[in-house]
Every structure is written in C-alpha cells, then in structure tokens.
Amino acid sequence: MHKLYWVREMLQETSAGLFCPDGDFYIDPWHPVPRALITHAHGDHARYGSAAYLCTDACAPLLTRRFGPGAVIESMAYGQSLTLGSTRVSFHPAGHVLGSAQVCIAGPGGRWVISGDYKRAADPTCAPFEVVPCDTYITETTFGLPIYRWDSTETVIDEVKGWWDANAANQLTSVLFCYTLGKSQRLLAELATVSERPVYVHGMMLPMIDAYRAAGVGMLPTVPLLEKPKGTSFAGELVLAPPSARGTPWMRRLGQISDGLASGLMRVRGVRRQRAYDRGFVLSDHADWPALLETIAETGASRVLATHGHAEPFARYLQGLGLQSGVIRTAWEDESGSDDHE
Amino acid sequence: MIRFAQLFAAIDQTNSTNAKVAAMTAYFAAAPPADAAWAVFFLTGRRLKRLVPGSSIRQWTLGATNLPSWVLDECYAIVGDGAETAALILDQLPSMAVDADTSLARWVEDRILPLRNAEPDDQEGYVLTWVRELDRWQRLVLFKLLTGELRLGVSQTLVVRALGRTADLPATTMAARLMGDWTPSAAWYGELLSPGVTKDDLSRPYPFYLAAPIEPTTTPAALLGDPAAWSAEWKWDGIRAQLVRRAGEIHLWSRGEELITARFPEVSDAAAALPDGTVIDGEVLAFRDDRPLPFSSLQQRIGRQTQVARKARDIPVVFMAYDILEQDGRDVRSEPLRVRRAMLEQLVTNAARQAPSRAPDRGAAIPLLPFEDPPVRALGPTTLRLSPLVVIGDWEDIGRLRGESRANGVEGLMLKRVESPYGVGRKRGDWWKWKIDPFTIDAVLIYAQPGSGKRASLLTDYTFGLWDNGELVPFAKAYSGLTNEEIAELDRWIRRHTVERFGPVRHVEPIHVFELGFDAIAQSSRHKSGIAVRFPRMLRWRTDKPAAEADTLTQLRRYIL
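Just so you know, these numbers come straight off a predicted model, no measurement behind them.

Draft legend 1. Broad picture of the overall build of chain A. When helices and strands are tallied, chain A shows seven helices and 19 strands. The C-alpha atoms of chain A give 20 Å as radius of gyration, which agrees with the globular expectation for 342 residues (20 Å, within 12%). Structurally, chain A occupies a C-alpha span of about 65 × 45 × 30 Å along its principal axes. Split into buried and exposed, the 342 residues of chain A put 54% on the buried side. The long-range fraction of contacts in chain A, counting pairs at least 24 apart against all pairs at least 6 apart in sequence, stands at 58%.

Draft legend 2. A look at the overall build of chain B. Across its full length, chain B carries 21 helices and 23 strands. Relative to the globule expectation of 24 Å for 561 residues, the C-alpha radius of gyration of chain B, 26 Å, shows essentially globular dimensions. For chain B, the spread of C-alpha atoms along the three principal axes comes to 75 × 70 × 45 Å. Taking all 561 residues of chain B together, the buried fraction comes to 38%. Considering only residue pairs separated by 6 or more positions, chain B has 70% of its internal contacts joining residues 24 or more positions apart.

Draft legend 3. Looking closely at the interface of chain A and chain B. Taken together, the contact pairs 22 residues of chain A with 26 residues of chain B. When residues of the side of chain A that touches chain B are traced back to their parent elements, those giving at least two are helix H5 (269–275) and helix H7 (311–320) of chain A. Broken down by element, the side of chain A that touches chain B gets its largest block of residues, five residues, from H5(A). Split by residue class, the side of chain A that touches chain B holds eight nonpolar, five polar and nine charged.

Draft legend 4. Structural context of helix H20 (residues 484–496) of chain B. All names here are of chain B. Between its first and last C-alpha atoms H20 spans 19 Å; for 13 residues at 1.5 Å apiece the expected length is 18 Å, and the two agree. For H20, the full list of buried residues reads Leu490, Asp491 and Ile494. In a view along the axis of H20, the buried residues occupy a sector of 110 degrees, so they form one face of it. Seen from the buried face of H20, the exposed residues on the opposite side, beyond 90 degrees, are Glu485 and Arg496. Of the surrounding elements, those touching the buried residues of H20 are strand S15 (439–450), strand S16 (459–468), strand S18 (498–502) and strand S19 (505–508).

Draft legend 5. Just H7(A), in detail. Of all ten residues that make up H7(A), eight are buried, and the element is covered over most of its length. Among the residues of H7(A), A:Ala311, A:Glu312, A:Pro313, A:Phe314, A:Ala315, A:Arg316, A:Tyr317 and A:Leu318 are the ones counted as buried. Contacts from the buried residues of H7(A) go to strand S18 (303–307) and strand S19 (324–328) of chain A together with helix H5 (69–79) of chain B. Trailing H7(A) by a residue or two, A:Gly322 shows a phi angle of about 95 degrees, which is positive.

Draft legend 6. Geometry of the nonpolar core. The biggest cluster of nonpolar side chains holds 165 residues, and the ones touching the most others in it are A:Leu63, A:Val103, A:Leu240, B:Met24, B:Ala39 and B:Cys75. Considering each element in turn, this core owes the most residues, nine residues, to helix H3 (residues 33–43) of chain B. Those residues in contact with A:Leu240 that lie beyond four places of it in its chain are A:Leu176, A:Cys178, A:Ser184, A:Leu187, A:Val199, A:Val201, A:His202 and A:Met205. The next biggest cluster of nonpolar side chains, apart from the first, holds 51 residues, and it includes B:Ala273, B:Ala321, B:Ile324 and B:Ala351.

Draft legend 7. The arrangement of the sheet that holds strand S7 (residues 81–84) of chain A in detail. Residue and element names in this part refer to chain A. Strand order across the open sheet formed by seven strands is S7-S8-S9-S10-S11-S18-S19, with mixed pairing between neighbours. Each edge of the open sheet is held by one strand with a lone partner, namely S7 and S19. Recorded for the sheet is a direction-independent mean angle of 20 degrees between the axes of neighbouring strands. Those strands touched by helix H6 (residues 289–299) are strand S10 (110–114), strand S11 (136–140) and S18, and its axis lies near 165 degrees from that of S11. Against the sheet, H7 contacts S18 and S19, and its axis sits at roughly 170 degrees relative to S19.

Draft legend 8. Structural detail: unusual backbone geometry. Residue and element names in this part refer to chain B. In this model, Asn66 sits at a positive phi of 60 degrees, which is unusual for a non-glycine residue. Position of Asn66 relative to the elements: it lies in the loop between helix H4 (54–65) and H5. Unusually for a residue other than glycine, Asp328 sits at a positive phi of about 50 degrees. Looking at the secondary structure, you find Asp328 in the loop between strand S7 (317–327) and strand S8 (330–331). Taking the number of C-beta atoms within 10 Å as the measure of exposure, Asp328 has 10 and is therefore exposed.

Draft legend 9. Geometry of the packing of helix H1 (residues 2–12) of chain B against helix H2 (residues 17–30) of chain B. Residues and elements named next belong to chain B. Running from N to C, H1 and H2 point in directions that differ by 170 degrees, and their axes come no closer than 9 Å. Relative to H2, the element H1 is oriented roughly antiparallel. The residues of H2 that touch H1, namely those facing Arg3, Leu7, Ala10 and Ile11, are Lys20, Ala23, Met24, Tyr27 and Ala30. Partitioned by chemical class, the residues of the contact of H1 with H2 number seven nonpolar, no polar and two charged.

Draft legend 10. Just the sheet that holds strand S13 (residues 412–417) of chain B, in detail. Residues and elements named next belong to chain B. Pairing is mixed across the open sheet formed by five strands, whose spatial order is S1-S14-S13-S2-S12. The open sheet has two edge strands with one neighbour each: strand S1 (212–213) and strand S12 (389–390). Direction of pairing for strand S2 (residues 230–234) relative to S12: antiparallel, over a ladder of two bridges. Note that in S12 the partner of Glu233 across the bridge is Leu389.

Draft legend 11. Representation of the environment of B:Lys454 within the structure. Within the secondary structure, B:Lys454 is located in the loop between S15 and S16. What makes B:Lys454 partly exposed here is the crowd of 16 C-beta atoms within 10 Å. Spatially, the C-alpha atoms of B:Lys454 and B:Gly80 are 8.0 Å apart, while their sequence positions differ by 374 residues. In this structure, B:Lys454 is in contact with A:Gly270, A:Arg273 and A:Gln274, ignoring residues within four places of it in sequence.

Draft legend 12. Local environment of the confidence of the model for chain A. For chain A, the mean per-residue pLDDT works out to 92, and 94% of the residues sit at or above 70. Segment residues 333–342 of chain A is flagged for pLDDT under 50; beyond a separation of four residues in sequence, or across chains, it makes 29 contacts in the model.

Draft legend 13. Main features of the pairing of S7(B). Residue and element names in this part refer to chain B. Most of S7 sits out of view: nine of its eleven residues are buried. Examined bridge by bridge, S7 and strand S11 (residues 384–386) share three bridges and lie parallel to one another. Note on S11: the bridge partner recorded for Phe319 is Leu384. Pairing of S7 with S8 involves two bridges; the strand directions are antiparallel. The partner of Glu326 across the bridge, within S8, is Asp331.

Rules used throughout
Residues numbered from 1 in each chain as written. Chains lettered and ligands numbered in written order. Predicted model: local features only at pLDDT ≥ 70, side-chain atom pairs only at ≥ 80, totals over all residues. Helix = DSSP H or I, 4+ residues; strand = E, 2+ residues; numbered from the N terminus. Rg over C-alpha atoms; globule rule 2.2 N^0.38 Å. Buried ≥ 20, exposed ≤ 12 C-beta atoms within 10 Å, placed from the backbone. Contact = placed C-beta atoms within 7 Å. Nonpolar A, V, L, I, M, F, W, Y, C, P; charged D, E, K, R; others polar. Expected span 1.5 Å × (residues − 1). Arc of directions from axis to C-beta. Core = buried A, V, L, I, M, F, W, Y, C linked by C-beta atoms within 7 Å. Pairing = 2+ DSSP bridges. Axes fitted to C-alpha atoms, helices over the stretch in contact; angles between N-to-C directions. Parallel < 35°, antiparallel > 145°, perpendicular 65-115°, else oblique. pLDDT = per-residue confidence, 0-100.

Structure representation (structure tokens):
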C-alpha cells in the first residue's frame, strides 16, 4: 500500500508528469515539454513554457489569457479525435470549468481516460460531464473520502442568498471569496436565478469573467470595485474576491463585512474555523465521494488510478471493492488541507 | 433541539462577538425556561459525563454505512472531531424532517440521559432512529452531546453578558450565579434570572482572578517598573481553590468550579475555625515536613472518592491562603491587595488561636520555608496556612530567588500589584506569574499526524525522538509553540518528506530539530524511552542544527534527580 504506482503501458510517470510514449505527448505537465495536452486552464494543470499545447476549443481563449499571445495553442472540439503517433486522442466534457476536458487515448495499450478535474453536478457555465467507457480510468480524488458529499447547488445558492440578504439587513458588506476561474463565474451564473443585483468584483476577477462573457455564459452584471470613487459605501452589496485578496489593504474600502469562502473544503468545520471565515459555502467543482464511485462504475474500467487529494485511501478503498487500483503522484500538494484552488 | 442547533450554528458562523451575544439573547427570549436552562449548561462549557463512548458512535457509523474502519480513521484525520466525522459520514442517511421541535430539555432528560443505563444494542437502535429525524447540524449537536464534546465557541463573559441582558441584572451577579454546581431546570433558570438573593447564592464562589504569564522574552524589570509597587509570593504547584464559609456550611471549590470539599476533609475541618461570611482564595497543596510535595502526589488525592482518610494520612494537604474575597459577608474584592492581605493575616491568626488542639503536628508556630527573611511563620494548626510574602528588594534579588524555585518545590513566583483589586478572569496588568524556565532539550521530529478542532487537516501533532545508540527513540509529543506560519511551512515539508504512512500518522525524514521545553521529568515504565516529561512544548525551531547534533536520551536522563 501507499507505493508509487508505476504506469508501464499507455502512460508513464515522469519528472514532468504523465507521458504517453506511443503518442509522444504529456498531459498537464508541470515542466516545459515539446507537446502538452491540457485538461483545463487552472494553474496546476496548465503550466507555462511548453512548445505546443493542445486543448478544447472552449479552453483555448482561457489558455491564451493565461500564457499570452506568444504561446502555441491548438484546439479541437469535444468528441473530435486526432492521431498522435500510434494513438487516437479525443477530449470529452469534464464539467469542471469552462473548456475542461477528460482526455481519451486509444492505442495498442487499450483505451485510457484521464479525467482531469471533474464534477457531475449541473453547471450553467460549462458542458456537462460525459461518461467515456474505458479500460483504465485515471480519476482525480481531491475529495475522495466519504465525508465529502455535496448538497444540491440550489440549496447552497439559497444559503448564499440568505446570507447576503441578512447582511444587507444589518448594513454589512458580504465578501465572498472564491477562485477566479470557474467558481466565481458559476456563482455569478447561479445567483442570476435568485437576484438581478449587480455584484462588485476584485480586479483579479475581471479577465476570466470577461472570457466567460465572451463565450456567451449568462451571469449577473459585475462592477469592478475600484471603479467606484473612494468613500463609496458597499453596505448591503455582494463582493467577489480571490482568497489571496483577504487581509490586504484592498479590503479597507469595504467597511463592515461578513466574509465567506465558497469551496468544497468548507465541508469540514475545523478547516473553516482555522481560516476564520464567518461562513463556508460548500460549493465544489470537484466530484464528491458518491459521484467518484458512481463515475468509476459507469466507465466500466477494470483498473482505476487515483490522483490528487486523498488518492491513497481512495485507491485502497477501491482495492477493497475488488478493483485493480493504484496511485499517481503529482508535483502538487497532496491533500485537500493544502492550498489548492478549490 | 431545532432551535438549539440553530443557536449552535449561529454562534459557529460568525466571528463577531456582538453577533454571538445577539444570537444567545434571541435564544433566551424565545426558548422555554427548561430549554434555556440546559442551553446555559452547555454554553458555559458543562457537559454530560460518561454517556456514550466515542468508540460506540464509531461502531454505529460503520454499521450504518458498511465502510471499513480505516476509512473512518482517514476521515477523522481530516475532520479532527469524532462527532463531526460521524455526522458528515451519516449524511448519506436521509433525514426525515419531523415537524415538531422536540424541546432541548426533553431531548436531554427523556432521551439522552436515560441512554446511560441502556444496553449497548438498544443504545445503537435509539440513536440511529433519532438520527433519522435530524438534519446535519442537529446530528452534529446530538453526537457532541452524547460524547460530551459540545463546545459552543463562546466565552463565559459573552454568556454572562447575554444572560445579564435577558434578566436585566449586573454581569457580576450573573457570573457568581453561574459558578459552581447546579442542576439545570426551569426552576433553576427562574432563580438564575430572579432579581433577589437566592439560597444557592450562599454556596457560590467568586469568579477566580488569574495571573498573566511573564514571557521568557521579557523581565519584570521591563514590564512592571518600580518593585516597591509589587508584592511577591511563591507560585505553588497545587490546586487553585476557594474556601467558602457561609451560613454554617463549608464549600471548597476548585478553579474548574468543581466542588472538592469531600476530597480534602482536613481542609473543611480547619475551615470550621473561620467565621461565617468568609471566602478565601488559595492553593490546596500536598505538603509534608514543611515542604510542598510534587503535584504527582496531590494527583493521588484527586478523583479518589474511596479511602479518603487513609490517603489523607499518606499525603497530607494544606490550604495555602493568599487572598480574601469576602469578610463578614461583605464582598471585599474591590479593596486593594495590601488591605485584603492585612485582613487575611488577621483572619488566619484568629483561626489558629481558636482552632482545636487536635492538630497532629506541634501546633505552634512553625517556620514555613527556610529562605524567608524576615521569617514569615505558618500559624497554628498547620492545615490552614498563610502563603508567605517573599520580600522584594530589587528585581535582581527576586530573579535570584526565582532561580531557587525548583529546589524549593515551587513553580516560580507570583507578582501582584499591592494596590490591585481582586479582578475577574485573566485580566492583564495587576497579577503576573513568573514561572521558572523549563528544562530544555533538542529533539528530532520523527512522526506527525493531523491535529483536531481548528487544526483539522493540518499536520500539527508531532512526535520527537532523541538519539540512543545511533537510533532515534520517541520520547515526547508536542503540539504547541509554533506560529501559524511555521505550522504551515512544516505541514508542507512533512507532506513532501514522508517516508512511510501508518494511516494518518506519517513517519518523516529525520531532518528537523526543535528545542523542546518541559516542566518536570520522571522515570516511566509506560514510555518506550523510560522517561515521562510534563507539558512538553516547542520553544524554538532549530533550523541551525543538523539532526545528528540533536541531544541523546542520556542527556535527558541527567535531568532526573
């Protein structure tokens, strides 16, 4: 147990990440490589410096914003396939964020699917997850323990709205911290079902919100906070900001606040109290425990490799169910207690 | 229960003390008195004891979900709280919302307390049935009630403030009424809020005044200014207690607000010589041959309900008085310390004069400790004693005296401003404790596991080893002493340098050296190293020191006298 699982066939673990020798490409490499397939545009999956990138059509504009116009980025539609070496490669929706994909590789080593990050809950900002039958499934396990089980999005959005309303009644500014890519747009899109009020946003949020609007995603109107003159009162308003803005001088403009974090990590009370947020909203872009197990069953995979978060216990649990299972390490933090982008 | 769980959630979901007080005040206004009584019980940190062990809840959780037990261990390591782990995992059992809000009092009195006498199988049946009626927060509250872990995250001060607001009474009255032993009921709650003086007011102690520590990084000279404004006493290593003599009855209260009168009959005997309407503050101390015995001796008198008389002969105790809070029924806490001290000296002298002569040892004035100048004498029957004043010359003298603490069986010095009133709680400024420097040793971090509560998911529980014949032998666990930044840095390092995992416990590369401090040391057959240390904590991260240069078990053993 707890041994590094060495993937011998279709994919190899290398110091730069997962490598496919038959197709001569890497998936989400963490060092520069000649050819990188990117599952989605989050920083721990899309690293700068590779010679050529391949991603989905919807992901490409986000990568361009991240890497600048000089990067060589090719894209294709979900479901379209491409021959690379002796493999056929295709992208399929992962339901994680806009443009996120699972990678399917078919070749002499069988049919492999690399999930990237994914969720099964509906999300108005991206294409819904598609089950792709395969022999070997590499699944993320950011929340791979049975304590992680998500309430419906509707329930969580009602909680957020209830908090916002109660704060407004008390003349407080509601400051909701969330990741700039994915979570903030999902919140803005979901909140549009319960409110029409504009939301103030931190400057770091703007590029990705613009990118989502350009992709046609419907969201509440947003106003950059810094456009407002000094002394403007934000009492009663909702402000979205990245967690890194917490405690910075930027916050001084907001007056009396109540703050919250939207993240699957908030499922655990101690984690919220450690970070001293008033409220934790359990809204995650990752699959919870039941969704992970359900997805694995639906793929029909005879072997499952776990990566990210609670990979070791998750793999051990699958072994107990009689599945062939192991762990793939990442260069990133290995547990959800750490500073991942949830 | 629904209302109480909402109160728990409301308190939990804000960092604003005003919002917490508002939530409690709203609860007290709406709840029936019997419920409010139990709510006060839990809000003030009291717990239902010995109901259901955490292991039962584990077993029931596993039984209801068919998960292997090691999965529960992994979950616990992330959640850091047994009741919450169970509530989160059992979230997969649907909640059948019941319309009626069964009252908190009914829950506690008719359901939870009777569990104590139920067969284990029946307990499981009851609890799993109840769980289905409750939502996630209510389940969390239920499990915390069952395991006695319920903490609501409000200080006593805030509860007192909310109750004072509810009853329109001064906070001091409320604080006194919440001290000590009481049984929550509608009648009790009525008395708690009643405007007049109640019968139970007579047995109650006052809130204890606590000293703030003088940190090793500073000195009295820097902190306290002119030594003439200060009075010094030894810091005794016993049980802080208040002796209450009112209406012909005697009550001895520990600082934990536990009634310990019956454990120390010799103290009650001695207190019979005090006049009615007296409350004194002091230390119950194991004491023989005019010297304090180590705290470990006193521990044999704590919790022991049988053979009290025999134990009292083997390990005699004294009540070392250092303050007076009530004289002739009058609250004298606002008098300056120098005035209260004079009252106390008079009181103890008078008590000695009229004490029965059956005191076992000599009865006359006996020198208390050899280093007093001028000698302050313990008076009369030696169970009730006056904590001697240590004479302050200048801060250097007093520093030298502090250096003798360990040899004299005390923990250091107490420094009190002579003009200070007897305050409430740990209010900084007037009372300080200047403890002796701990023993120190440089040890190597060898294991780490996740912490609990606010440290859930962070690797903050460390095990340290010392060298012995080329091997690192584990000898102490420590949790405190690092800054949040250091904890985060170490957490990241540990995750990347784990050699082996045993469930949530990680064996790490032996690289990092920490200077550990501890207060006492003794031989122990229960520890692999053969040594037990008291209150080990991290003093310093020795980034300058390679692991090979950490200390050895032999070096540690040298501290054992």
